[in-house]
Amino acid sequence: MQAEQQPEAAADPVSSSDAPEDGPKETSSVSHNISDADAFKIILEMKMKKRQKKPTLPSTVTELNTEDGSKVYVVGTAHFSDSSKKDVVKTIQEVQPDVVVVELCQYRVSMLKMDEKTLLKEAKEINLEKLQQAIKQSGVMSGLMQMLLLKVSAHITEQLGMAPGGEFREAFKEASKVPFCKFHLGDRPIPVTFKRAIAALSFWQKVKLAWGLCFLSDPISKDDVEKCKQKDLLEQMMAEMIGEFPDLHRTIVSERDIYLTYMLKQAAKQIELPRASETEPRKCIPAVVVGVVGMGHVPGIEKNWNSDLNIQEIMSVPPPSASSKIFKFVIKATVFGLVGYGCYRIGQRTVQLILSMPAAQSYLQKLTEIRSQH
């Protein structure tokens, strides 16, 4: 559920113009004599000097504190906004965090290494292969729901001409520039979320929701594009669609608020400094964490911050209900029916095509003459 990325330490800050003629030799000598613990301390001191005591942060940042003195800066973002990307970069540069946590799970981590052009193309192309992959990964019901929600994202992508997740890619890049900064995936796995969401709906609720998602095609105006800078358009549209389904809102939004809060608190545990020897006493310092999440999750994270959280319950997948089994059967029957009808139509047309060919006509005429002679 969690991935880490350990960037390399920052380069030597001493410029070549300031170094003496025999500088390279001395540097080589020192590098062989210095211990790992001392090297860590030197680089950590450099990092602390860059860390602003009173950072100038964007208005989209919420500061949270833990009992042991760690600080968590939660950047509320809009998934289709250039201004959100700038907010993430500025926050990481100002606070020089020890950990960066993003609202992604291992099933969506590929978007971190894709360029904007590839992501834009991927978001617009929802094909049968992607559907099969989603069904294989999450099951029939959850896979179909996942593809329908991707359709919503693709609709916004097409209207805005901007791929989602730019703030997460910026967070990944900036984290790699900060010495000893770890990169964590903080969202609940997609298959768990969708399976729990499907289980929370009745048969007719599933039909109604699927129908609404299938026929989502309202254009997005320039005003909506501007609203993206203050509000998460994707989450707003989702909130409007699932507003009449309280159980769906609970699984897709509220439960993930709890999960994200838990992961941020885990990331904010104190950092143990390396020791020069086993006899040296252990020393821990408070951590600094930057969380990058959709702004729709920020109120829920604040609400849950001082609570004792247990994520075991929201990680379990309930057994399928009778309505789920019925809906699954209907979907399968519909798919097989369409495939069967398609084969029938293709076969019928093929036979007609063959019979209309001159060679076939001649052959049939000869058969008729032979039968009439007998």
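Attention in this report is confined to the structure presented alongside it.

Rules used throughout
- Residues numbered from 1 in each chain as written.
- Predicted model: local features only at pLDDT ≥ 70, side-chain atom pairs only at ≥ 80, totals over all residues.
- Heavy atoms only, no water.
- Axes fitted to C-alpha atoms, helices over the stretch in contact; angles between N-to-C directions.
- Helix = DSSP H or I, 4+ residues; strand = E, 2+ residues; numbered from the N terminus.
- Left-handed = near helix turned anticlockwise from the far one by under 90°.
- Contact = heavy atoms within 4.5 Å.
- Pairing = 2+ DSSP bridges.
- Buried < 20%, exposed > 50% of the residue type's maximum accessible area, 1.4 Å probe, protein only.

**A closer look at the packing of helix H8 (residues 190-199) against helix H12 (residues 246-267)**
Between two packed helices, both the angle of their axes relative to each other and the distance between the axes serve to describe the pair. In contact at an axis separation of 7 Å, H8 and H12 are set at 150 degrees when each is read in the N-to-C sense. Between H8 and H12 lies a crossing whose hand is right-handed. Between H8 and H12, the residues in contact are Thr-193, Arg-196 and Ala-197 and Leu-248, Arg-250, Thr-251, Ile-252, Glu-255 and Arg-256, respectively.

**Examining the pairing of strand S1 (residues 61-65)**
As defined by bridge partners, S1 adjoins strand S2 (residues 71-77) across five bridges and the pair is classed as antiparallel. What sits directly across from Glu-63, in S2, is Tyr-73. In textbook terms, the turn of a hairpin is the stretch between consecutive antiparallel strands, and for S1 and S2 this stretch comprises five residues, one of which, Gly-69, has a positive phi near 95 degrees.

**Looking at the environment of Ile-43**
Here Ile-43 shows up in helix H2 (residues 36-50). For the pair Ile-43 and Pro-179, spaced 136 residues apart in sequence, the C-alpha to C-alpha distance is 7.3 Å.

**Brief notes about H8**
When you tally the buried positions in H8, you get eight out of 10 residues, the bulk of the element. The complete set of buried residues in H8 reads Ile-190, Pro-191, Val-192, Thr-193, Phe-194, Arg-196, Ala-197 and Ile-198.

**A closer look at the pairing of strand S7 (residues 288-294)**
Burial of S7 is extensive: seven of the seven residues sit out of reach of the surface. Both S2 and S7 contribute to a ladder of seven bridges, which runs parallel. Bridging across to S7, Val-72 finds its partner in Val-289. As paired strands, strand S3 (residues 99-102) and S7 are joined by four bridges and run parallel to one another. Following the sheet pairing, Val-102 is matched in S7 by Val-292.

**Some details on the environment of Leu-112**
Tracing the backbone through its elements, the reader meets Leu-112 in the loop between S3 and helix H4 (116-124). Each C-alpha atom of the pair Leu-112 and Glu-170 lies 8.6 Å from the other, and the pair is 58 residues apart in sequence. In this view, Leu-112 contacts Leu-104, Phe-168, Arg-169, Phe-172 and Phe-183; residues no more than four positions away in its chain are not counted.

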